[in-house]
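# Descriptive analysis of the structure
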Amino acid sequence: MARLPPPVRKAIRRLKLVLAPAAEVLVAGYVRFSVWWLRLWPLWLSAGGMAFWAKLLGPFFAVSKVARRNLTAAFPDKSKAEINALVRGLWANMGRLTAEFAQQDRLWDYDPAHPGAGRVEVKGAEILERLRDDGRPALFFTAHTGNWEMCAIAGAKFDVPGGVLYRAPNNKRAAALIEEMRSGTMPGLIRAGRDAGRQMARMLAEGQHLGMLIDQYWTGGPQVMFFGRPCATNPTLARLARQFDCPVHGMRVIRLPGARFRVEITEEVPLPRDAEGRIEVTGAMQAVTSVIEGWVREYPDQWLWLHRRWR
């Protein structure tokens, strides 16, 4: 196919620059309207409705091809029908997550006096309380499984001092709205960027706690095995653990029937050390990645198979 003449390409670039602000406003307006609409209904109704449409339509999106390839490679013994069922399940989870994000300030109802009575139950609450009060820094890792946003909410509700690392959308207006919503329910938000490393190091030096998602591809990161296949991973968690010699715990949220959730916190994950007794970065990332693989195998329809974890 012949390339467009330089003047035409230049005109297209200028048109994109002119239209970009308008597109940004439209996208941000759509996000704001969607949040408003989803907050009008009871959670079970909005989450159930979004799950229905996502499960119905999502499998036809092009990105579902990535999910099918990933699932087939991870579970070679599963039939095509089983793989398709998992794809529908992951889309249902994404639909519910969308509705829950709009109502995230209404989700948490855990009562330590009646731990099984509400929408949220917590396994490992005593671990959070111990870490909150011991005056030492600690690191938490999680994955895109269940409603992962609730991990940060749990830390805030248990008054664990610290923050969470997050990646903002490219749309600045939508990013501002999402940050505004998160700031009311989550501890100190650390936006991924040039200054994030210094900010995290300062917080750990002060004895605070940090949480981060670690289950996506990271260009140039150390190679670890995930479902028997090598993949690059973000070493930040292990590097910080090595620098501050602090404990590392896993945290996940499992989606339960009836619009309910179980937050689980693991005990400290043992990390390999080198000859000098310092945490070994690649081995540490393999250890926590193996924990996440166990989580995904347990609830495969609740993990985000849509991204290219292996490349």
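As the structure is a prediction and not an experimental result, all values here were calculated from the model.

### A short note on the overall build of the protein chain
When you go through the protein chain residue by residue, the secondary structure sums to ten helices and nine strands. Across the protein chain, contacts joining residues at least 24 apart in sequence account for 73% of those joining residues at least 6 apart. Working note: accessible area of the protein chain is about 16400 Å², and carbon and sulfur atoms make up 58% of it.

### Describing the nonpolar core
With 47 residues, the main nonpolar core has Leu139, Phe141, Leu237, Leu271, Val288 and Trp305 as its most contacted residues. For this core, the secondary-structure elements that each account for two or more residues are helix H3 (64-74), helix H4 (80-102), strand E2 (138-142), helix H8 (196-205), strand E5 (209-213), strand E6 (223-226), helix H9 (236-244) and helix H10 (281-298). If you tally residues by element for this core, the top one is H10, at eight residues. Discounting chain neighbours no more than four positions away, the residues touching Phe141 are Met212, Ile214, Leu237, Val248, His249, Gly250, Met251, Val269, Val288, Val291, Ile292 and Trp295. By size, the runner-up hydrophobic cluster in this structure holds 37 residues, among which are Ile127, Val160, Met181 and Met186.

### Some thoughts on the sheet that holds strand E8 (residues 248-256)
With respect to topology, seven strands assemble into an open sheet ordered E1-E9-E8-E2-E5-E3-E4, the strand pairing being mixed. Either end of the sheet is taken by a strand with one partner, and the two such strands are strand E1 (120-123) and strand E4 (188-191). Direction aside, neighbouring strands of the sheet carry axes that sit 25° apart on average. With three bridges joining them, E2 and E8 adopt parallel strand pairing. When the sheet's bridge partners are listed, Leu139 is paired in E8 with Val248. Strands E1, E2, E5, E8 and strand E9 (260-265) of the sheet are contacted by helix H5 (residues 125-133), whose axis makes an angle of about 145° with E8. Together, E2, E5 and E8 form the strand contacts of H9, whose direction differs from that of E2 by roughly 165°.

### Some words on a positive patch on the surface
Residues Lys65, Arg69, Arg308 and Arg311 make up a contiguous surface patch of positive charge. Relative accessible area serves as the criterion here: at 54%, Lys65 is assigned to the exposed category.

### Re the confidence of the model for the protein chain
For the protein chain, the average pLDDT comes to 89, and 88% of its residues sit at 70 or higher. Taking the mean pLDDT of every element in the protein chain, the minimum, 67, falls on helix H1 (residues 6-38) and the maximum, 98, on H10.

### Considerations on the packing of H9 against H10
Relative placement of two packed helices is described by the angle separating their axes and the distance separating the axes. Taken N-terminus to C-terminus, the directions of H9 and H10 make an angle of 120°; their axes are 9 Å apart at the nearest point. Of the possible angle classes, the one that applies to H9 and H10 is oblique. Seen along the crossing, H9 lies across H10 with a hand that is right-handed. The segment H9 lies against H10, with Leu237, Ala238, Arg239 and Arg242 engaging Val281, Ala284, Met285 and Val288. The residue makeup of the contact of H9 with H10, split by class, is six nonpolar, no polar and two charged.

### Focus on the environment of Arg308
Looking at the element boundaries, Arg308 is found in the segment after H10. By relative accessible area, which is 45% here, Arg308 ends up partly exposed. Separated by 238 residues in the primary sequence, Arg308 and Asn70 place their C-alpha atoms 7.9 Å from one another.

### Re the pattern of salt bridges
The tally for this structure, following the rule as stated, stands at 13 salt bridges. The closest approach of N and O atoms between Glu121 and Arg260, which form a salt bridge, is 3.1 Å. Separated by 139 residues along the polypeptide, Glu121 in strand E1 and Arg260 in strand E9 bring together distant segments of the chain. Overall, Arg260 belongs to the partly exposed group, its relative accessible area being 23%. Between Arg132 and Asp133 there is a salt bridge, and its shortest N-O distance comes to 3.0 Å. Here Arg132 falls in the partly exposed class, since its relative accessible area comes to 28%. A relative accessible area of 55% means that Asp133 is categorised as exposed. Several salt bridges converge on common partners, so that one network encompasses Glu121, Arg252, Arg260, Arg262, Glu264 and Glu298.

Conventions adopted
- Residues numbered from 1 in each chain as written.
- Predicted model: local features only at pLDDT ≥ 70, side-chain atom pairs only at ≥ 80, totals over all residues.
- Heavy atoms only, no water.
- Helix = DSSP H or I, 4+ residues; strand = E, 2+ residues; numbered from the N terminus.
- Contact = heavy atoms within 4.5 Å.
- Areas by Shrake-Rupley, 256 points an atom, 1.4 Å probe, with all protein chains shown as cover.
- Core = buried A, V, L, I, M, F, W, Y, C linked by side-chain atoms within 4.5 Å.
- Buried < 20%, exposed > 50% of the residue type's maximum accessible area, 1.4 Å probe, protein only.
- Pairing = 2+ DSSP bridges.
- Axes fitted to C-alpha atoms, helices over the stretch in contact; angles between N-to-C directions.
- Patch = residues over 30% accessible without salt bridge, like charges linked within 9 Å, V, L, I, M, F, W, Y side chains within 5 Å.
- Salt bridge = Lys/Arg side-chain N within 4 Å of Asp/Glu carboxyl O.
- Lys, Arg positive; Asp, Glu negative; His and termini not counted.
- Charge placed at Lys NZ, Arg CZ, Asp CG, Glu CD.
- pLDDT = per-residue confidence, 0-100.
- Parallel < 35°, antiparallel > 145°, perpendicular 65-115°, else oblique.
- Left-handed = near helix turned anticlockwise from the far one by under 90°.
- Nonpolar A, V, L, I, M, F, W, Y, C, P; charged D, E, K, R; others polar.

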